[in-house]
Amino acid sequence: MGIELAPQQTVLHDMDELSFTDSELDYHVRNALKAAVQGDCDSYNQLVAVIHHKERLVPEEVALLMTCLKALTGAVSCMHIVHHRSLLAAIFGMSLWNYGTDVMDALVELLISLAASSGQYVDLCLEMLVTNFMPPSSSSTYFIELLKQPRGIDKKHQVLDRVHSTFQDIANLVPLSPLRLEKIVRDRMPNIYTKEPFIVMYVENMLTLESGAAGKLVGGSMLVAIMDRLIDLDVEIAWDDILQDDFSKGIFDMELEDLEGFSDHVQQDGDELTRESLMQRFFGGNLVAEKLDSLLVLTFEHLESCSGSGRLIQVFETLLQSFQKTVLTAYKSKFAQFVMFYACSLDPENCGKMFVSTLVNIFVSGVYPAWRMSAVAYLASYLSRAKFVAPSFVAATLESLVNWCFDYCNKQDGDINPRAHKIFYSGCQAIMYVLCFRMRSIISVPRLRSQLLLMRIEDILRHPLKPLEVCLPSIVEEFLRLAKRNRIFSVPDTFVDYGMLESELSRAFGGIERLDTFFPFDPYLLRKSDRFIRPNFVYWSMVRNSYYEDDEDESASDEDIAEAGISIADDISVDEGDAHLDEFDYALDKMSITPRDSSTKFGGRIQGFVQMPSKIRPSTSPESL
């Protein structure tokens, strides 16, 4: 604030030598404030020094500080934002984290009185409180260690409980203050480089605001800001942090356990890679991934709380708007979109259907091609991976996609053209991708089987636009193999007609962003928050096992399984011990690491062993090998 204060030790000593009753001190403080306006600053400087003193206080100094704060509370009408700017700077520079509860209480009472006395102080008071969302940066190392201890947790609750109760007290006196608070919270939100404990604490406070009394005014803004920060962290994690690509080997490597030499880079427990060693391989020392993981835990827990309190639909509507503006348009985000996935898992009937309806509408009638392609990629990935989605709903949604693609075919007279018809090809690829995961759960119910057979899928695939030659070969080959095995569609006798390596056609329609290789709900790789996703997720190994188990080993018929509402992910008839291995390892195991020749994987060339792409990566075309 630009005013030089008197030497603190001398002033504090002078104040301490004086003996005042509380009423006399009130009078003394008022006179000091009035005298400062007239240019007599001796007593005023003594008062400022008491407030400004930040070193470890002895009990007498604590008592003096608390009494001065209380006296100022009764004298706010004498304070002037210009004449007393050094005093105000000292007050707003205080941190609740540095004091005991008595001083905390006296300080927040002063803030409430200041905010109520003049609109000039409202923003300053709110900013000071928001600053207390986190410990002071000057003592960050000390507080990081303190917060690991019980007394540190107690201190955190003491501070934050007072911060939020003070927000409410100010809102009761200044009804429009929450609108001011919204902007302040957003503007002061930590960037992605802030230390993990502090950014987590800040977001925790934002979620407290969202669910509190001011939530109706600021809640939506808090959720949007949090989603924006999740995306910021997500895109900061480069694919190289997750995948080590070697484009010289061929097309795709679908599953982690097939990566040659992978075990040389991680510790092993017996013959199996341990979960911790796999996580160390991907994210060991990746501070950004660890921050994102912790923030997603907070967000998932908040969604659970919203579900329990009956607010999930309201919150989801806000998240859905944010998704359309930021997540959908982000270039291949990896984890932030699972906020939508988890919210849908908590309420598939409402949130899930709302999510699917939005994606279908964007694909069918959206304005921007990239958004439409991204939307159908999200739709296909969601329908394939969400264990909680009923086969009947999958079939109904597929029918919508098929109808759009069939209508598109009827309007086209031209030949194959990946760039001109990229939206169409993305729709066709989505249909095949979903059926690779969900075909069995659909055809096991006679009504749904009939519904699938009536769809014009075969007409679309045989159209002169030739989607089988444009869509990703790995998906085409697996789809055709399953269709032939289940006698659903008339398919060629050999898959060689369509080639085993990507051609320029199959690389073209995805554009520079390779949206043709984007499957946003691929296996989840964040360690702490994985526990929320894993129980609701369909892994390709589950689907593969269900296709290749012997009929006599099945514990229930397909009809019983589907009619009971169990999706294909639940139909796993492998050994009980193997079936309940840590699903997190499944997530890592299904992550594609290195492109390689898929001719050894598809079309039953190795005794029917089949794999599907989880994280499909662009490959090298034959021409460039």
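Residues numbered from 1 in each chain as written. Predicted model: local features only at pLDDT ≥ 70, side-chain atom pairs only at ≥ 80, totals over all residues. Heavy atoms only, no water.

1. So, the packing of helix α12 (residues 215-236) against helix α15 (residues 312-327)
Packed helix pairs are characterised by how far apart their axes lie and by the angle those axes make with each other.
Part 1: Where α12 contacts α15, the two axes come as close as 9 Å, and the packing angle between them is 40 degrees. If you check the angle between α12 and α15, you find them oblique. For the pair α12 and α15, the crossing hand works out as right-handed. Only V315, T318, L319, S322, T326 and V327 of α15 make contact with α12, whose side of the interface consists of G220, L223, V224, M227, D228 and I231. (Axes fitted to C-alpha atoms, helices over the stretch in contact; angles between N-to-C directions. Helix = DSSP H or I, 4+ residues; strand = E, 2+ residues; numbered from the N terminus. Parallel < 35°, antiparallel > 145°, perpendicular 65-115°, else oblique. Left-handed = near helix turned anticlockwise from the far one by under 90°. Contact = heavy atoms within 4.5 Å.)

2. A word on helix α10 (residues 177-187)
Part 1: For α10, the set of buried residues is S177, P178, L181, I184 and V185. Looking straight down α10, one finds that the buried residues subtend no more than 115 degrees of arc, so they occupy a single side.
Part 2: For α10, the elements touching its buried residues are α7 (122-131), α9 (150-173), α11 (196-211) and α12. (Buried < 20%, exposed > 50% of the residue type's maximum accessible area, 1.4 Å probe, protein only. Arc of directions from axis to C-beta.)

3. Focus on the pattern of salt bridges
Close approach of charged atoms allows side chains of opposite charge to pair.
Part 1: One pass over the full model with this rule turns up 16 salt bridges.
Part 2: Between D105 and R162 there is a salt bridge, and its shortest N-O distance comes to 2.7 Å. With D105 in helix α6 (residues 101-117) and R162 in helix α9, the pair connects residues that are 57 residues apart, well separated along the chain.
Part 3: Judged by relative accessible area, D105 falls into the partly exposed class, the value being 33%.
Part 4: A salt bridge links E196 to K528, with the shortest nitrogen-to-oxygen separation between them at 3.4 Å. (Salt bridge = Lys/Arg side-chain N within 4 Å of Asp/Glu carboxyl O.)

4. Some points on the packing of aromatic side chains
Part 1: Across all of its chains, the model carries 33 aromatic pairs by this definition.
Part 2: For the ring pair F341 and Y382, a centre distance of 6.2 Å and an interplane angle of 80 degrees mean the geometry is edge-to-face. Here F341, found in helix α16 (residues 338-346), pairs with Y382, found in helix α18 (residues 369-385); they are 41 residues apart in sequence, far enough to count as distant.
Part 3: Centre to centre, the rings of F355 and F521 are 6.4 Å apart; their planes meet at 70 degrees, and the pair counts as edge-to-face. Within this pair, whereas F355 is found in helix α17 (residues 348-365), its partner F521 is found in the loop between α25 (504-508) and α26 (530-533), the two being separated by 166 residues in sequence. You'll find F355 and F521 in the same group, each marked buried.
Part 4: Counting every residue linked through ring pairs, the aromatic cluster contains F323, F335, F338, F341, F355, Y378, Y382, F388, F521, Y524, F537 and Y539. (Phe/Tyr/Trp six-rings, centres within 6.5 Å; stacked < 30°, edge-to-face > 60°.)

5. With respect to the side chain of T73
Part 1: On the secondary structure map, T73 appears in helix α4 (residues 59-73).
Part 2: Overall, T73 belongs to the buried group, its relative accessible area being 18%.
Part 3: Residue contacts for T73: discarding those within four places in its chain leaves A106, E109, L110 and S113.

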